[in-house]
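Observations on the model geometry
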Amino acid sequence: MFRSNIPEGSMDKKWEEYKGHVKLVNPANKRSLEIIIIGTGLAGASAAASLGEMGYKVKAFCFQDSPRRAHSIAAQGGINAAKNYQNDGDSTFRLFYDTVKGGDYRSREANVHRLAEVSASIIDQCVAQGVPFAREYGGLLSNRSFGGVQVQRTFYAAGQTGQQLLIGAYQALERQVALGNVEMYSRHEMLDVVVIDGKARGIIARNLITGELERHFGHAVLLCSGGYGNVFYLSTNAMGSNVTAAWKAHRKGAYFGNPCYTQIHPTCIPVTGEHQSKLTLMSESLRNDGRIWVPKEKNDPRKPNEIPHEERDYYLERRYPAFGNLVPRDVASRAAKERCDAGYGVGTSKQAVYLDFASAIDRYGRVECRKHGIENPSEEDIRSHGVDVVKEKYGNLFDMYAKITGEDPYTTPMRIYPAVHYTMGGLWVDYELMTTVPGLYALGEANFSDHGANRLGASALMQGLADGYFVIPYTIGNYLADEIRIKPIPTTHEAFAAAEQAVAERLNKLKSINGSTSPENFHKRLGKIMWDKCGMARNEAGLKEAIEEIRALKAEFWRDLRVTGEINEFNPELDKAGRVADFIELGELMCQDALQRRESCGGHFREESQTPDGEAKRDDEHFSFVAGWEYKGDSNWELHKEPLEFEIVHPTQRSYK
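**Overview of the sheet that holds strand E12 (residues 291-295)**
In space, the five strands of this open sheet follow the order E11-E15-E14-E12-E13, with antiparallel pairing throughout. The sheet is open, and its two edges are formed by strand E11 (262-268) and strand E13 (312-313), each paired on a single side. The pairing of E11 with strand E15 (residues 414-423) spans four bridges and is classified as antiparallel. Of the residues in E15, the one forming a bridge with threonine 262 is threonine 423.

**With respect to the pairing of strand E2 (residues 57-61)**
Counting buried residues along E2, four of its five residues qualify, which places the element largely inside the surrounding structure. Note: strand E1 (residues 34-38) against E2, five bridges, orientation parallel. Of the residues in E2, the one forming a bridge with isoleucine 38 is phenylalanine 61. Taking the sense of rotation as the criterion, the β-α-β connection linking E1, helix H3 (residues 42-54) and E2 turns out right-handed. As paired elements, E2 and strand E5 (residues 182-185) share four bridges and run parallel to each other. The partner of alanine 60 across the bridge, within E5, is methionine 184.

**Things to note about the pattern of salt bridges**
For the structure on display, the rule yields 58 salt bridges. Its salt-bridge partner being glutamate 189, residue arginine 579 comes within 2.9 Å of it at the nearest N-O pair. In this pair, arginine 579 sits in helix H16 (residues 572-596) while glutamate 189 sits in strand E6 (residues 188-196), placing the two residues 390 residues apart along the sequence. In this structure, arginine 579 and glutamate 189 share a single accessibility class: buried. Note that arginine 334 and glutamate 615 form a salt bridge whose closest N and O atoms lie 3.7 Å from each other. Taken together, the positions of arginine 334 in helix H9 (residues 329-344) and glutamate 615 in the loop between strand E19 (605-606) and helix H17 (620-623) put the pair 281 residues apart, joining distant regions of the chain.

**Re the domain arrangement of the protein chain**
Accessible area lost upon the coming together of the parts serves often as the stated size of an interface. When cut into domains, the protein chain gives domain 1 (265-420) and domain 2 (497-619). Of note, the centres of domain 1 and domain 2, computed from C-alpha atoms alone, are 34 Å apart. Contacts between domain 1 and domain 2 engage 10 residues on the former and 10 residues on the latter. Buried surface at the junction of domain 1 and domain 2, both sides included, amounts to about 810 Å², of which 58% is carbon and sulfur. On the domain 1 side of the contact with domain 2, Asp330, Arg334 and Lys337 bury the most area, a combined 51% of that side's loss. Taken together, the connections running from domain 1 to domain 2 amount to two salt bridges. Contributing elements (two or more residues each) for the side of domain 1 that touches domain 2: H9 and E15. Sorting elements by how many residues they give to the side of domain 1 that touches domain 2 places H9 first, with four residues. Residues that form the side of domain 1 that touches domain 2 fall into these classes: three nonpolar, two polar and five charged.

**Details of helix H1 (residues 14-21)**
For H1, the complete set of buried residues consists of Lys14, Trp15 and Tyr18. All buried residues of H1 project into a common sector of 90 degrees when viewed along the axis, lining one side. Looking at the packing, one finds that the buried side of H1 touches helix H5 (109-129) and helix H12 (460-480).

**Remarks on the packing of aromatic side chains**
The geometry of two aromatic rings is summed up by the distance between their centres and the angle between their planes. Across all of its chains, the model carries 27 aromatic pairs by this definition. With centroids separated by 6.4 Å and ring planes inclined at 80 degrees, the aromatic side chains of tyrosine 105 and phenylalanine 646 adopt a geometry described as edge-to-face. Linking tyrosine 105 in the loop between helix H4 (92-102) and H5 with phenylalanine 646 in the segment after strand E21 (636-643), this pair joins segments that are 541 residues apart in sequence. Since its relative accessible area comes to 1%, tyrosine 105 is described here as buried. The buried category is assigned to phenylalanine 646, whose relative accessible area is 12%. Judged by centre distance (5.2 Å) and plane angle (70 degrees), the rings of phenylalanine 522 and phenylalanine 557 are edge-to-face. Of the two residues, phenylalanine 522 sits in helix H14 (residues 519-534) while phenylalanine 557 sits in helix H15 (residues 540-560), which places them 35 residues apart along the sequence. We classify phenylalanine 522 as buried; its relative accessible area is 0%. Members of the aromatic cluster, joined through ring pairs, are Tyr228, Trp247, Phe256, Tyr631 and Trp637.

**Looking at H16**
The end-to-end C-alpha distance of H16, which contains 25 residues, comes to 36 Å, matching closely the 36 Å that a straight helix rising 1.5 Å per residue would cover. Of all 25 residues making up H16, 22 are buried, and the element is well covered by its neighbours.

**Section: the side chain of aspartate 300**
Mapped onto the elements of the fold, aspartate 300 is located in the loop between E12 and E13. According to the relative accessible area criterion, aspartate 300 is buried, its value standing at 8%. A distance of 2.9 Å separates a polar atom in the side chain of aspartate 300 from a polar atom in the side chain of arginine 302. Dropping the residues within four chain positions of it, aspartate 300 is found in contact with Pro295, Ile307 and Lys350.

**Considerations on the environment of histidine 421**
By secondary structure assignment, the location of histidine 421 is in strand E15. Considered as a pair, histidine 421 and leucine 639 are 218 residues apart in the sequence and their alpha carbons are 26 Å apart. Ignoring sequence-local partners within four residues, the contact set of histidine 421 consists of Gly229, Thr236, Asn237, Gln263, His265, Leu281, Arg329 and Arg455.

**A word on the pairing of E12**
Burial analysis of E12 places five of its five residues in the buried class, the great majority of the element. The side-chain alternation of E12 yields two buried faces, one formed by Arg291, Trp293 and Pro295 and the other by Ile292 and Val294. Where E12 meets strand E14 (residues 353-356), three bridges bridge the pair, whose relative direction is antiparallel. When the sheet's bridge partners are listed, tryptophan 293 is paired in E14 with tyrosine 354.

What counts and how
Each chain carries its own residue numbering, running from 1 in the direction its sequence is written. With pLDDT at 70 or above as the cut-off, local features in this predicted model cover only qualifying residues; side-chain atom pairs require 80 or more to be listed or tallied, and sums for whole chains, interfaces and linings still use all residues. To obtain the side-chain values, all non-hydrogen atoms of the structure were included, while hydrogens and water were left out. The rule for pairing is simple: two strands pair if DSSP sees at least two bridges between them. Put simply, DSSP marks the helices as runs of H or I at least four residues long and the strands as runs of E at least two long, and each gets a number from the N terminus on. Working definition: with a 1.4 Å probe on protein chains only, accessible area under 20% of the residue-type maximum means buried, over 50% means exposed, and in between means partly exposed. Here, the term right-handed applies to a crossover whose path from the first strand over the helix to the second runs clockwise when the strands point away from the viewer. Here, a salt bridge means any side-chain nitrogen of Lys or Arg that lies within 4 Å of a carboxyl oxygen of Asp or Glu. Reported domain spans reflect what an automatic or database domain assignment gives. In this description, contact between two residues means that some pair of their heavy atoms is separated by no more than 4.5 Å. Throughout, buried area stands for the accessible area (probe radius 1.4 Å) lost by two parts on being put together, summed over both. Residues were grouped as follows: Ala, Val, Leu, Ile, Met, Phe, Trp, Tyr, Cys and Pro as nonpolar; Asp, Glu, Lys and Arg as charged; and all remaining residues, including Gly, as polar. Arc definition: directions from the helix axis to the C-beta atoms. Each Phe, Tyr or Trp ring, with Trp reduced to its six-membered ring, pairs with another whose centre is within 6.5 Å; inter-plane angles below 30 degrees give stacked pairs, above 60 give edge-to-face pairs, and intermediate values give tilted ones. The span you would expect from a helix comes to 1.5 Å times its residue count less one. Distance and chemistry together define a polar contact, namely a pair of N or O atoms within 3.5 Å, with one atom able to donate a hydrogen and the other to accept it when in protein, and with adjacent residues in sequence counting only for side-chain atoms on both sides.

Given below as structure tokens:
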């Protein structure tokens, strides 16, 4: 049994009590303690800025050319916080409840409650940094709705919230860099964790420009390296996003938690052909005003604007009247897949549904006309004013859609379809965000902790900043207070030498195979196996097939891989090969995890486990646990279970009807 270290006491007092009794490191001792941070997205940048400001010696690493290139910039729709600015019944408890329920009762209550508690402080922090959140006419911060909730709690900056939040964290980080408290290593990739006497004591990193391997010591190592959605090849993730840092930690003893839990996002631009290497996300905020529908007639050949209102099936509003278009992502995604599989899909591929803003344009237009004193406005007046409002709220998203598809979403409904987005699985961490390797932490999307089997929209930015700004500054001190007598370990230590040698041997092995198949080819084939058999729907037979297919693909990879270029130079092909090798191993573990979880939960629809009306059917008696997988060797893992105990939000069959 591995311990989650959840504090005693009532749920609403746990975090406060923890902070009041946690061990501290005095300012003089902080100056002699070194911390390594991998990744400079929202979690990494906020953690580096916070810990640097506190006085620790911080080294931050990212594989991009600048921390500002982190994939956090791609988050569009907003960030949740329980401030109740709209006076519509929101509260810390309501955010906590919605998150646990939205995750289909597969998250740890104590972590989620802490997240809800600190959410309001995140907004204050970001406003102080100058993040340009949208505001109401009177100057108050504006909010909009997101899926899975019945209140407006999502703060936003048009359709570029992630970018604006990252700029805020980046500025805070760069200030600490300028002051000498943080040393920044761009274009560096972590390729191993160095463990000495059972504790994480450093990393081996590769300089991606020169190819040189470097050794770096740290009293603690923080992994803030994001998620692993690119295991599916086609996803909304940046092309460089990968699992390598987390996977190296896993192979060094860090348990992997719930690896089969991936977020299927309902509003993405559909696949158009075999040539594609990534998918484009249309923010979930669009479901706040857009209505989703398909024709009532199968294979309807008409253009969307030619189909009368009464011949449209607004299926989310029909099936889930209480939430309508704002059901959680997993529910919306599964419903879209069901309609398309049943023959009601639209577009040339028939793997899409419509997201229509005509009603919103009309509604906003009428309100604006009244504001302008226009009596008996014409349809042209209504439309003109309505388009202006929608353009102000979502304009950059509409522009992006138009550039990619060549269609004007102000006049023609968008076509959308679910796609792989975020990953709820990740390295297992306890309440303090520490993995099963002492001194090794995982923050943000790199850990499993807060979202259960499905993440509510606008919660990724919230978790990343909560972990970096408001959680790790307290919890890491509890560990480092006992490390103040540990002098920096020279990187000539045998553990560093052995780790570097292992990394060098692996790079040489990748390069020396000298086969005929590119890393990209293997990645694409892995992605197809994963999407077809471990994607939105999975079954026992398919998962067993997938495991065998992945093992065969792995054997072929190490027999027929071709890497061009040399090791000791700038070589993106070699970088890609290493990441694909890790994805292949992860893919097998994901299928193993999905195979043992014989229940449907969140966006993970096990075909053998469904209700009579086709909804996901959980099995709380047998699967109310976090799956923590321990690496035991090639294609060999041992499952450990952390039981989930619900004190406040008792599991029930989810209903959004």
